[in-house]
Structures are given as structure tokens and as C-alpha cells.
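In case you want the letters, here they are:
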Amino acid sequence: MTTPTAEPYTVVIGLEVHVQLQTRTKLFCGCPTRFGAPPNTQVCPTCLGLPGSLPVMNREAFHLAVRAALALNCRIAPFTKWDRKNYFYPDLPKGYQISQFDLPFSSDGWLEVTDPKGAFSRKVGIIRVHLEEDAGKSMHDEAAGTADTRIDLNRAGTPLCEIVTQPDLRSPQEARAWLNELKLLLVYLGVSDCNMQEGSLRVDANVNLHIPQPDGRVAKTPIVEIKNMNSFRSVERALIYEAARQYGEWQTTGAELGRTPKQTRGWDDPAGVTRAQRHKEESSDYRYFPEPDLVPVTVDEAQLTAARGMMGEPPAVLRTTLADRWKISAYDADVLVNQGRELVAYYEDLAARVGEGKVASNWLQQDVLRTLNERGETIDAFPIRPDALADLIGRVQRGDFDTSRGREIFAEVLAGGRSVAEVVAALGIAAVGEDDLLALCRELIAENPKIVADVKGGKEQAAAGLIGQAKKKNPNVNPGQVRQTCLELIRGM
Ligand SMILES: [Zn+2]
């Protein structure tokens, strides 16, 4: 049953993701891959495509690609080869790109994404993962009004993994969530930094609509490939826009899949629209043929075992492991894992010292993560290490002071480079002894007959009015203990 507010169609989405592998050098030459170098300073005869130069495969790139494909549950081909994809563009001086056509090194995988709030769960099939080299970069200087275009070939020959999914995604929100999961996995694996600002991860999306007809037939709109999306938010926005646009076009023209060729549209982020670019080339337009300058690659079981050994726990497994090991909710485990491997390591260290996973998770999420977000920092640079934070949390657990006082100390330690013990001493915080606490509570009761009467009349929550006064008398008192002691005294009156 579709709800009346639902769209009268299903959105069908497949993704093509290009990920730059984290190698020091390019795929077929020894040039560095460092980002941000002056234009054309990281080039050589091979990546410039000069006649007579010969490519040699970067083993590390291949190993990283195999690790990624295994984590994506792909089959690894025992024999794989390289192909030339021929096309002309100014940023491709060779006139061809070395890629993989009919025998990619891996195929038939999947990656599942589950919404932590339970909105959806989707297992997305992966058709293939193959390796290829990147092209250079054209810089169109339209601002200067000269229509001048410059070419930077530093990026030419950089190793890329292309990940092609089945059209299994069913909404723009799912597509965004799946991309987040993919990125998290690749970063966990150490395969790519997935930095989208630096072009380390690029996404193209194929989208069309399936529209059920009154006669039971399903009308399918022509597939459109959307390019130029430089954030996952853009991917989601572009897909939302494109679904609505295709439905409008279908209502006007009735055009269906198969009668019109696949179209490429570019995403104009500031305008929030997709614009027609060109009709898509078919693979026959590229005149693929086997690369004669490179030997095929064979992969044996020993290499696969070695690659598996480098994988570590992927995020999906780690979420379950953390929840089980530290008795925290699936939601908390999701928040922690999504912050990356370093934060998880910090958390596990902290939880082990504190002895209570939930308490450690609360401090980490409410205090540490908030601070990191405010400062725009990562956990590696966080000045309060797990042993110091565990010391602070331990003092709260023992009742030396309450959580809000603990937060003040946290802020002081963060600001000053002093230890927890030093801040506690400097603030004159000392655990309030039992006799002092009792005396203080008696004083409060004597001064607040109205509250005492209310509590006696059954309104226990009135005791909250005593806490603020208690803190004024002695900032070191524990509010929970004050409340407890006052209630016991009143009951005994
Ligand atoms: Zn080079």
C-alpha cells in the first residue's frame, strides 16, 4: 500500500564512485601524488604520455584496491588485464586512459547500509570494482574574461578505484547514507583519505523512475547520469531535483527508457538544478583494446590472505562488537564508529579504564565530541588523553563531586594544560564528609519550612528547591547526596 502523500513513482539509483588510492606515487610511474603542488611539477615522460615511455604497475595501488574489493565482498579475479580507453581531451595528452574493460580485477560484491533510526536498510549490489589512472585537470579561467584554459597534469596517472553499483538504491536519502558508509569503510581500511575537497572521492549517479500504470505495466523513464557533484549533500539534492524533473518531463512527453539514449546532466549546485550536457558515449565509442605495454596481473590465495590480514574490523562489524563488548546501545555504537578508527580506539581505552562503557560513551559524546566539533579538531590532537579523562570520571563515580562540577574541571583541564588533580586542588574541591553533609542538610531543612511541608504532603519533587541553596553554601556538595539525605531527614521528622 502506498500512502496518499508518497510520490507516484519509485526512484531507481545506481552509483559510480571514483576513489583515489592512498599511494605515495602514481599508478604507472614514480611521480608523487601529493595534492596542492604547483601545476605540472609532478610529471614525467610516462604520465605526460611522451612517445617511447613505458608504464610499470604500482604494486601498492593494486594491494590497496584488492583490500577495498574484499571489504566490499567482491570476488577477486585470479587473472586481470589492462585496457586502453581511447578518447581525446586536452587533459589527456596520451589520447587514452589505462583502465580495465572486460576483465576487471573484482566483481559481484555488496555493501549494506542501515539507518540507525530504522528508517531503512539496504543491501546494495556492486557490479565491479576496477583500477584505472586519473586524467589531468583543466582550469577554465572564465573569471578573467579571456576564456583561457590551462592544463595541470599533476593528477594524470593517479591511481583510482572505480566502484560501480547495481541500481539498488531507492531514494536520494539512501544514496547519501550509502555513500557515507562507503567512505567510512574506505577510510577505516586505509585505502583512501576520501577527501572530496581535494577530489579524492567523486560520484556520478544514474537515476530514473519506475512509474506504475493503471493497466499494471511499469513505465520507466530514460536513465540520466548526473555529474559534477562535490559533496554527498549535493548528491542527495541533485537526485531529489532530478526525480521531480524526470516525472514532470514524463508527464509532458511520455518518453520512456530505450527510445532515447542515456543523457548526461551536470549538477549546478548554486542554482540547485541539473543541466543537459551531452548524450553519453557507448563503450564502443572508446575503442577499448588490451594495453600492450603492461603484463596481465595474476592474484593467488597467499596474496588474498595477506590482503584480508590488513583489513581489520569493518565499521558494520565494529558497531556490533562495540555494543556487545561495552554494553552500549546500537545507536551509541553507531555514533562512535562513524567518527573513525582513532576515536573508537580512544573510546575503548577510556571504557576499559572507567569500567563502564555507557558512562565512557556519555562523556565522550557529550563533552569530548562537542569540544572537537567546536574547535574543528580531531581526536588525535585532543589534549585530554583517556587516562586523564578516566581519572576525572572516576572521581565523579566515587562521589568526590557531581557531574556538573566534573564538567567545570574538564573545561579547566582543557584550557590550562593542568592535570585533573592540580585543577581539583586549585579550585579547593574536596569531598564533602558525611558529618558536614548532614549538618548542611539540617540547616537547609530548618531554613525551608515550606519545602519541608510540601515534601511531607507527598510532593517529593519540591526537594529540588534545596539543591541550589546547598550549592551556594558549599559548591562541592553532590546534589544527589543532598537530595537523598534531606528526604531521609524529613521522613524521619
Ligand atoms: Zn609520471
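This is a predicted model, so every value here is computed, not measured.

J.: Could you clarify how one ought to interpret the side chain of Asp332 in this entry?
T.: Relative to the helices and strands, Asp332 resides in helix H7 (residues 330–337). Judged by its relative accessible area of 7%, Asp332 is buried. Those residues in contact with Asp332 that lie beyond four places of it in its chain are Lys358, Ser361 and Gln365.

J.: What should I look at first to understand helix H13 (residues 434–447) in this one?
T.: Note: α-helices contain 3.6 residues per turn, so residues at a spacing of three or four share the same orientation. For H13, spanning 14 residues, the distance from its first C-alpha to its last is 20 Å, which sits close to the expected 20 Å at 1.5 Å a residue. The complete set of buried residues in H13 reads Leu437, Leu440, Cys441, Leu444 and Ile445. One face of H13 carries all of its buried residues, which in axial projection span an arc of 135 degrees. Residues of H13 that are exposed and point more than 90 degrees away from the buried face comprise Asp435, Asp436 and Ala446.

J.: So what exactly am I meant to see when it comes to the domain arrangement of the protein chain here?
T.: Frequently, the measure chosen for interface size is the accessible area removed from exposure when the parts meet. We note that the domain assignment places domain 1 (10–304), domain 2 (313–426) and domain 3 (434–491) within the protein chain. Centre-to-centre, using C-alpha coordinates, domain 1 lies 38 Å away from domain 2. Facing six residues of domain 1, the contacting portion of domain 2 comprises 13 residues. Buried surface at the junction of domain 1 and domain 2, summed over both partners, amounts to about 750 Å²; 62% is from carbon and sulfur atoms. The three residues of domain 1 that bury the most area against domain 2 are Pro116, Leu184 and Tyr188, which together make up 70% of that side's buried surface. Where domain 1 meets domain 2, there are one salt bridge.

J.: Honestly, the coordination of the zinc ion in this entry has me stumped. Any pointers?
T.: Reference values for coordination geometry: four tetrahedral donors around a metal ideally subtend 109.5 degrees, six octahedral donors ideally subtend 90 or 180 degrees. Note on the zinc ion: its protein donors are Cys29 (SG), Cys31 (SG), Cys44 (SG) and Cys47 (SG). The metal-donor distances range over 2.3 to 2.4 Å. Geometry at the zinc ion is tetrahedral, judged from its four donor atoms and the angles of 101 to 115 degrees they form at the metal. Spacing between the donor residues of the zinc ion along the chain follows C-x1-C-x12-C-x2-C. Within this pair, whereas Cys29 is found in the loop between strand E1 (10–20) and helix H1 (45–48), its partner Cys47 is found in helix H1, the two being separated by 18 residues in sequence. For Cys29, a relative accessible area of 13% translates into the label buried.

J.: Could you clarify how one ought to interpret the pairing of strand E4 (residues 83–86) in this entry?
T.: Looking along a regular strand, one sees the side chains alternate between the two faces of the sheet. Alignment of E4 against strand E5 (residues 96–99), held across four bridges, turns out to be antiparallel. Across the sheet, residue Asp83 finds its bridge partner in E5, namely Ser99. In this sheet, strand E16 (residues 289–290) lies alongside E4 in antiparallel orientation, the contact comprising two bridges. If you follow Arg84 over to E16, its bridge partner there is Phe289.

J.: How should I be thinking about the sheet that holds E16 in this particular structure?
T.: By way of backbone hydrogen bonds, the strands of a sheet pair with one another, either parallel or antiparallel. On the basis of which strands lie adjacent, the open sheet formed by three strands has the order E5-E4-E16 and antiparallel pairing. Two strands in the sheet have a free side with no partner beyond their single neighbour: E5 and E16.

J.: Could you clarify how one ought to interpret helix H11 (residues 403–416) in this entry?
T.: Between its terminal C-alpha atoms H11 stretches 20 Å, which fits the 20 Å expected from 14 residues at 1.5 Å a residue. Every buried residue of H11 is accounted for by Arg405, Gly406, Ile409, Phe410, Val413 and Leu414. Buried-residue contacts for H11 involve helix H9 (357–375), helix H10 (386–398) and helix H12 (420–426). Positive backbone phi, at 70 degrees, marks Gly417, one or two positions downstream of H11.

J.: Can you help me understand the environment of Ala462 in this one?
T.: By the secondary structure assignment, Ala462 is in the loop between helix H14 (449–456) and helix H15 (464–473). Separated by 105 residues in the primary sequence, Ala462 and Gly357 place their C-alpha atoms 33 Å from one another.

J.: What exactly am I supposed to notice about the packing of aromatic side chains here?
T.: The geometry of two aromatic rings is summed up by the distance between their centres and the angle between their planes. Enumeration over the complete set of coordinates arrives at eleven aromatic pairs. Residues Tyr9 and Tyr247 carry aromatic rings whose centres are separated by 4.9 Å and whose planes lie at 45 degrees to one another, so their mutual orientation is tilted. Here Tyr9, found in the segment before E1, pairs with Tyr247, found in helix H4 (residues 232–253); they are 238 residues apart in sequence, far enough to count as distant. For Tyr9, a relative accessible area of 13% translates into the label buried. According to the relative accessible area criterion, Tyr247 is buried, its value standing at 18%. Judged by centre distance (6.3 Å) and plane angle (55 degrees), the rings of Trp363 and Phe410 are tilted.

J.: Before we go on, may I ask you to explain the pattern of salt bridges in this structure?
T.: Inspection of every chain in the model, using the stated rule, returns 38 salt bridges. A salt bridge links Lys473 to Glu443; the shortest N-O distance between them is 2.9 Å. Linking Lys473 in helix H15 with Glu443 in helix H13, this pair joins segments that are 30 residues apart in sequence. Looking at Glu443, the relative accessible area reads 39%, which means it is partly exposed. Residues joined by salt bridges that share partners form a network here, namely Asp204, Glu225, Lys227 and Lys262.

J.: Hey, could you run me through the packing of helix H2 (residues 59–71) against helix H5 (residues 301–309) in this one?
T.: Any two packed helices are characterised by how steeply their axes cross, that is the angle between the axes, and by the distance between the axes. Where H2 contacts H5, the axes come no closer than 9 Å and their chain directions differ by 70 degrees. One way to sum up the angle between H2 and H5 is to call them roughly perpendicular. On the side of H2, the interface is formed by Arg59, Val66, Arg67 and Leu70, while H5 contributes Gln303, Leu304, Ala307 and Arg308. Residue composition of the contact of H2 with H5, grouped by class: four nonpolar, one polar and three charged.

J.: Honestly, the nonpolar core in this entry has me stumped. Any pointers?
T.: Note on soluble globular proteins: their nonpolar side chains tend to be buried together. Grouped together as the largest cluster of nonpolar side chains are 70 residues, with contacts concentrated most on Leu15, Leu72, Trp82, Ile163, Trp178 and Leu186. When near neighbours in sequence (up to four residues on either side) are disregarded, Ile163 contacts Leu15, Glu16, Val17, Val19, Leu72, Ile126, Arg128, Val129, Leu182 and Leu186. Core analysis: the second largest hydrophobic core is formed by 41 residues, Tyr188, Leu336, Leu389 and Val420 among them.

J.: I tried to follow the side chain of Glu256 on my own but got confused; where do I start?
T.: Position of Glu256 relative to the elements: it lies in the loop between H4 and strand E14 (263–268). Discounting chain neighbours no more than four positions away, the residues touching Glu256 are Arg217, Ala219, Lys220, Pro222 and Trp250.

J.: For this particular structure, what's the right way to read the confidence of the model for the protein chain?
T.: Caution applies to low-pLDDT parts of the model: their predicted coordinates are not meant to be read in detail. Confidence along the protein chain averages 91 in pLDDT terms, with 97% of residues attaining 70 or more. Every residue in residues 1–5 is under pLDDT 50, and counting partners more than four places away or in other chains gives zero contacts.

Cut-offs used in this document
- Residues numbered from 1 in each chain as written.
- Predicted model: local features only at pLDDT ≥ 70, side-chain atom pairs only at ≥ 80, totals over all residues.
- Heavy atoms only, no water.
- Helix = DSSP H or I, 4+ residues; strand = E, 2+ residues; numbered from the N terminus.
- Buried < 20%, exposed > 50% of the residue type's maximum accessible area, 1.4 Å probe, protein only.
- Contact = heavy atoms within 4.5 Å.
- Expected span 1.5 Å × (residues − 1).
- Arc of directions from axis to C-beta.
- Domains from an automatic or database assignment.
- Buried area = accessible area lost by both parts, 1.4 Å probe.
- Salt bridge = Lys/Arg side-chain N within 4 Å of Asp/Glu carboxyl O.
- Donors = N, O, S within 2.8 Å, 3.2 Å for Na, K, Ca; no water.
- Tetrahedral: all angles 85-135°; square planar, octahedral: opposite > 155°, others 65-115°.
- Pairing = 2+ DSSP bridges.
- Phe/Tyr/Trp six-rings, centres within 6.5 Å; stacked < 30°, edge-to-face > 60°.
- Axes fitted to C-alpha atoms, helices over the stretch in contact; angles between N-to-C directions.
- Parallel < 35°, antiparallel > 145°, perpendicular 65-115°, else oblique.
- Nonpolar A, V, L, I, M, F, W, Y, C, P; charged D, E, K, R; others polar.
- Core = buried A, V, L, I, M, F, W, Y, C linked by side-chain atoms within 4.5 Å.
- pLDDT = per-residue confidence, 0-100.

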